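Reading the structure
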Amino acid sequence: MPEHEETMKSGDALLIVDVQNDFCPGGALAIEKGDAVVPVLNRWISRASEKDLPVYASRDWHPVGHVSFREQGGSWPPHCIQDTSGAAFHKDLNLPADTVVVTKGVRFDQDQNSAFDQTGLAEEFRRRQIRRIFVGGLALDVCVQATVLDALEEGFETVLLLSATRPVTAEGGEKAIESMKKGGAVISG
Ligand SMILES: [Zn+2]
């Protein structure tokens, strides 16, 4: 496990993936200790804000009866349905007023695990001259992994904030970290 912690600088952005009630304890698709990422991410939000760096927050935002739900043949119980409390960001996450929200999972015909999947986020980052992305959130082995791999694929330097993420399964988490390392991600404490 890494012992160093990367420092943020100009050209960096913080990307918080899906820290929503349904992925936290008590939610429809709860990840064990999912809410433990909140205080860690709040520290990163402070660091980004101190340096005037942008904060992005993605959210899973499904229509009722989404294709990713089990009743429709998908993998998951119904979760993060648009405008429900389960889809809201965790109340203790201190998102700045100018946080850019990235909405995904709205397509009727397919799921979008990555915050880059058909959202235009890569173009947005390039437009704002963002070169390096710090990523944390939920879940490590699903949407965080997909987001980090896409960020690398798009040519961004990418730092995974290990203490700011939790996996659905421990085994999945280990595999996810390996695949991100292989893809070129920096794993930070
Ligand atoms: Zn989803």
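Residues numbered from 1 in each chain as written. Predicted model: local features only at pLDDT ≥ 70, side-chain atom pairs only at ≥ 80, totals over all residues.

What follows covers the nonpolar core. Burial of nonpolar side chains together is a common tendency in soluble globular proteins. By size, the foremost hydrophobic cluster in this structure holds 49 residues, and its most contacted members are Leu14, Leu15, Val135, Leu138 and Ala139. For this core, the secondary-structure elements that each account for two or more residues are strand S1 (12-17), helix H1 (37-50), strand S2 (55-60), helix H2 (121-127), strand S4 (132-138), helix H3 (140-153), strand S5 (157-166) and helix H4 (170-183). Sort the elements by how many residues they give to this core and H3 lands first, with eight residues. In contact with leucine 15, other than residues within four places in its own chain, are Tyr56, Ala115, Ile133, Phe134, Val135 and Thr147. (Core = buried A, V, L, I, M, F, W, Y, C linked by C-beta atoms within 7 Å. Buried ≥ 20, exposed ≤ 12 C-beta atoms within 10 Å, placed from the backbone. Helix = DSSP H or I, 4+ residues; strand = E, 2+ residues; numbered from the N terminus. Contact = placed C-beta atoms within 7 Å.)

Now for the environment of glutamine 110. With respect to the helices and strands, the residue glutamine 110 is situated in the loop between strand S3 (100-104) and H2. Of the residues examined, glutamine 110 has 11 C-beta atoms within 10 Å and is grouped as exposed. Put simply, glutamine 110 and leucine 152 are 42 residues apart on the chain and 22 Å apart in space, counted from C-alpha to C-alpha.

Look at the link from leucine 138 to alanine 139: it is a cis peptide, with omega at -15°. With respect to the helices, strands and loops of the structure, alanine 139 is situated in the loop between S4 and H3. Non-glycine residue aspartate 83 carries a positive phi angle of around 70°. Tracing the chain through its elements places aspartate 83 in the loop between S2 and S3. If you check the backbone angles, glutamine 129 has positive phi at about 55° while not being a glycine. Here glutamine 129 is to be found in the loop between H2 and S4.

In short, the description is geometric, and any link to function would need to be established separately.
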